[in-house]
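Spelled out from the first residue to the last, the chains are:
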Amino acid sequence: MVEETGANRRLESDMARVATWWGRAFGTAVPAIGVVHLPALPGAPAARLPIARIVERAVADTRLYLEHGLHGVIVENFGDAPFEPRAVPPHVVASMTRVAVALREAAGDRPVGVNVLRNDARAALAVAAAAGLDFLRVNVLAGTFATDQGLLEGAAAALLRERRAIGADVRVFADVRVKHAAPLREAPIDVEVEELVGRAGADAVLVTGSTTGRPPDRERLAAVARAAGRAPVVVASGADPTNVAELAADADGFVVGTALKTGGRTN
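Summary of the structure given here. (Residues numbered from 1 in each chain as written. Predicted model: local features only at pLDDT ≥ 70, side-chain atom pairs only at ≥ 80, totals over all residues. Heavy atoms only, no water.)

**As for the environment of Gly132**
Within the secondary structure, Gly132 sits in the loop between α5 (121–131) and β4 (135–138). Relative accessible area serves as the criterion here: at 39%, Gly132 is assigned to the partly exposed category. Each C-alpha atom of the pair Gly132 and Val170 lies 8.5 Å from the other, and the pair is 38 residues apart in sequence. (Helix = DSSP H or I, 4+ residues; strand = E, 2+ residues; numbered from the N terminus. Buried < 20%, exposed > 50% of the residue type's maximum accessible area, 1.4 Å probe, protein only.)

**A short note on the nonpolar core**
In this structure, Leu38, Val99, Val114, Leu136 and Leu141 are the most contacted members of the largest nonpolar core, which totals 63 residues. Beyond its immediate sequence surroundings of up to four residues, Leu141 is in contact with Gly154, Ala155, Ala156, Leu159, Val172, Ala174, Leu196, Ala200 and Ala202. Judged by nonpolar contacts, the second largest core, of 13 residues, contains Trp21, Phe26, Phe135 and Phe173. (Core = buried A, V, L, I, M, F, W, Y, C linked by side-chain atoms within 4.5 Å. Contact = heavy atoms within 4.5 Å.)

**Examining the sheet that holds strand β11 (residues 253–256)**
Pairing between sheet strands relies on hydrogen bonds along the backbone, with the strands arranged either parallel or antiparallel. One closed barrel holds the eight strands; their spatial order is β1-β2-β3-β4-β7-β9-β10-β11, and the pairing between them is parallel. Along the sheet, successive strands turn relative to each other by an average axial angle of 25°, direction set aside. Looking at chain direction, strand β1 (residues 32–37) and strand β2 (residues 72–76) are connected through five bridges and run parallel. Within the sheet, the bridge partner assigned to Gly34 lies in β2 and is Val73. In the packing of helix α4 (residues 90–107) onto the sheet, the strands contacted are β1, β2 and β3 (112–115), and the crossing angle to β3 comes to about 160°. (Pairing = 2+ DSSP bridges. Axes fitted to C-alpha atoms, helices over the stretch in contact; angles between N-to-C directions.)

**Concerning unusual backbone geometry**
In the segment running from Ala81 into Pro82, the intervening peptide bond is cis, with an omega of -5°. Mapping Pro82 onto the fold places it in the loop between β2 and α4. Geometrically, the link from Leu117 to Arg118 is a cis peptide bond, its omega value of 5° lying close to zero. Tracing the backbone shows Arg118 in the loop between β3 and α5. With a phi close to 50°, Arg177 is a non-glycine residue in the positive phi region. On the secondary structure map, Arg177 appears in the loop between β7 (171–175) and β8 (181–183). A relative accessible area of 16% places Arg177 in the buried class. One non-glycine residue, His180, adopts positive backbone phi at about 60°. Residue placement: His180 occurs in the loop between β7 and β8.

**Details of the environment of Gln149**
Looking at the element boundaries, Gln149 is found in the loop between β5 (144–147) and β6 (150–153). For the pair formed by Gln149 and Arg118, sequence separation is 31 residues and the distance between their alpha carbons is 7.9 Å. Setting aside chain neighbours within four positions, we find Gln149 in contact with Phe83, Pro85 and Arg118. Here Asp148 takes part through its side chain, which lies 3.1 Å from a polar atom of the side chain of Gln149. (Polar contact = N/O pair within 3.5 Å; in protein donor to acceptor, adjacent residues only side chain to side chain.)

These results come straight from atomic positions and should not be treated as a statement about function.
Next comes the structure, spelled out in structure tokens:
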């Protein structure tokens, strides 16, 4: 069966999509993945809750998502702003692992992923491997980006070597021109996507708007879809009931957070 997603995606049948690793993992051609936004973890400036209460809330969010038809979840330390630009402290890794283990149990056989903000890919891999998660998200897998945390550099070399070294069966979802960031090297979007997949080893490509809650530019999304080849393309910000059908023309899935929260509040 056809396994490509990029330029041929409009010609694919749902059956062909489900036959790929993407469809087998999520059980559907175009999955929706809910974001479990953690409140500030112990040690963060805004920390208010003990870790046991944070785990309870995260499990409740996960169950709510899955009971209402979403196909997987991803957890991230969203409440820890201002974010560490690279390596997070060990206590953050420990807290997120404790949360992730609970979400793995709550989700059953549904896929669970993790994102350690702002760009600690090795910590995300450690959490995912220890908790038996399915995927991780990396905001900057390739290239160099100017952000409100300073400069973030591509994490691919260290991440993929460590994944091989520890034998972790974890997929890497990577952003192209991630939100809240600007690239230091301007290149055509198709070149960036080809490098992200072909040289940096991304298993799936995430496309966002400029900030949290904003949808991606439609022309950019279409260009990413054409360049991504067999890598699934995921809309990772701004999808809501008013635009999801239009975005689905070029997307293989959606990461949805603020659109599913009361008043758009991420926690």
